[in-house]
Amino acid sequence: MNNKAICKQAMNALFKDFDAEALSKSLTKDYIQHNPHVPSGLDAIINLLPVLKEAGLTYETHRMLEDDDLVLTHTTYANADVFGAKTVIAFDVWRIENGRVAEHWDAIIAEHETTASGRSQTDGATDIGESNKTEENKALVESFVTEVLINEQTDKMEDYLRDGVYDQHNPLVEDGPDALKQALTQIHNHRIHRVIGEGNFVLTQSEGSWNEKPVAIYDLFRVDAGKIAEHWDVIQEIPAEMAHANGMF
């Protein structure tokens, strides 16, 4: 199986079938966890299965990207009170090693019924294109995040956007560059930890602050002909105490 299929198999075992035997075949025994509320190791995930099953958890993956040994999923989880709300949106990053999931990072946010742009947190383009431009698009997005979101050189924003178009899925921010400039007065990216891309979709996993609180920031961008055209994100506060010593990154 390719890495996407391995990831799908693990997600079905965990979030659909609640199958401990299948899960033990999909994850490594020393599975490394970065979700701040779940301990590391296979046993901790198996112990979570009855809770998820009793809650009636379901999931729908909207986008899946593969970049070397990493798979990114953009997913809605329903009946997900165990994750913090009835319905949540998550970016999950899964590292595949020898045919099994060996490590996991994520960020989770509650679903908003209404949004500033009128777009949902998950709708929009899904088809992966520009398969021959993955590295070029990753470099473009990393440069945008570094110059505009980290260094806050908002005068360079238009260099990266196509005719000023910026279709926004953050529930609190309207479309367009002006709304993004305003959002940057509250949300600050400090450091990029990972850049994951496939074709015209690129995600940056960053550390930052929101209203002076430390947060994990997952930004997914769609690139169109060398310009950034669309954006989704999940921002989660980093708790002072975690269920493990691995950190969120």
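Heads up: the structure comes first, above all this text.
Attention in this report is confined to the structure presented alongside it.

Here we look at the sheet that holds strand β7 (residues 187-198)
Part 1 of the reasoning: The strand order across the open sheet built from five strands is β6-β10-β9-β8-β7, with neighbouring strands paired in mixed fashion. Both edges of this open sheet fall to β6 (167-168) and β7, since each of them pairs with a single strand only.
Part 2 of the reasoning: Both β6 and strand β10 (residues 227-237) contribute to a ladder of two bridges, which runs parallel. Paired with Asp 167 across the bridge in β10 is Glu 230.
Part 3 of the reasoning: Against the sheet, helix α4 (residues 134-150) contacts β7, β8 (201-210), β9 (213-224) and β10, and its axis sits at roughly 180 degrees relative to β7.

Some thoughts on unusual backbone geometry
Part 1 of the reasoning: The phi angle at Glu 152 is positive, at roughly 55 degrees, despite the residue not being glycine.
Part 2 of the reasoning: Topologically, Glu 152 is positioned in the loop between α4 and α5 (157-160).
Part 3 of the reasoning: Phi is positive for Asp 163, close to 55 degrees, though the residue is something other than glycine.
Part 4 of the reasoning: Relative to the elements of secondary structure, Asp 163 occurs in the loop between α5 and β6.
Part 5 of the reasoning: By relative accessible area, Asp 163 is classed as exposed at 75%.

Points about the nonpolar core
Part 1 of the reasoning: Core analysis: the largest hydrophobic core is formed by 30 residues, its most contacted members being Phe 15, Leu 27, Tyr 77 and Trp 94.
Part 2 of the reasoning: At the level of secondary structure, the elements contributing two or more residues to this core comprise α1 (3-15), β1 (27-33), α3 (42-55), β2 (58-67), β3 (70-78), β4 (87-97) and β5 (100-110).
Part 3 of the reasoning: With seven residues, the single largest contributor to this core is α1.
Part 4 of the reasoning: The contact partners of Trp 94, leaving out residues within four places of it in the chain, are Cys 7, Met 11, Phe 15, Tyr 31, Asp 69, Leu 70, Val 71, Thr 73, Val 101, Glu 103 and His 104.
Part 5 of the reasoning: Counting 20 residues, the second-largest nonpolar core is a separate cluster that includes Leu 65, Leu 72, Ala 216 and Ile 238.

Calculation notes
- Residues numbered from 1 in each chain as written.
- Predicted model: local features only at pLDDT ≥ 70, side-chain atom pairs only at ≥ 80, totals over all residues.
- Heavy atoms only, no water.
- Pairing = 2+ DSSP bridges.
- Helix = DSSP H or I, 4+ residues; strand = E, 2+ residues; numbered from the N terminus.
- Contact = heavy atoms within 4.5 Å.
- Axes fitted to C-alpha atoms, helices over the stretch in contact; angles between N-to-C directions.
- Buried < 20%, exposed > 50% of the residue type's maximum accessible area, 1.4 Å probe, protein only.
- Core = buried A, V, L, I, M, F, W, Y, C linked by side-chain atoms within 4.5 Å.

Interpretation note: all reported values are geometric properties and have no functional meaning in isolation.
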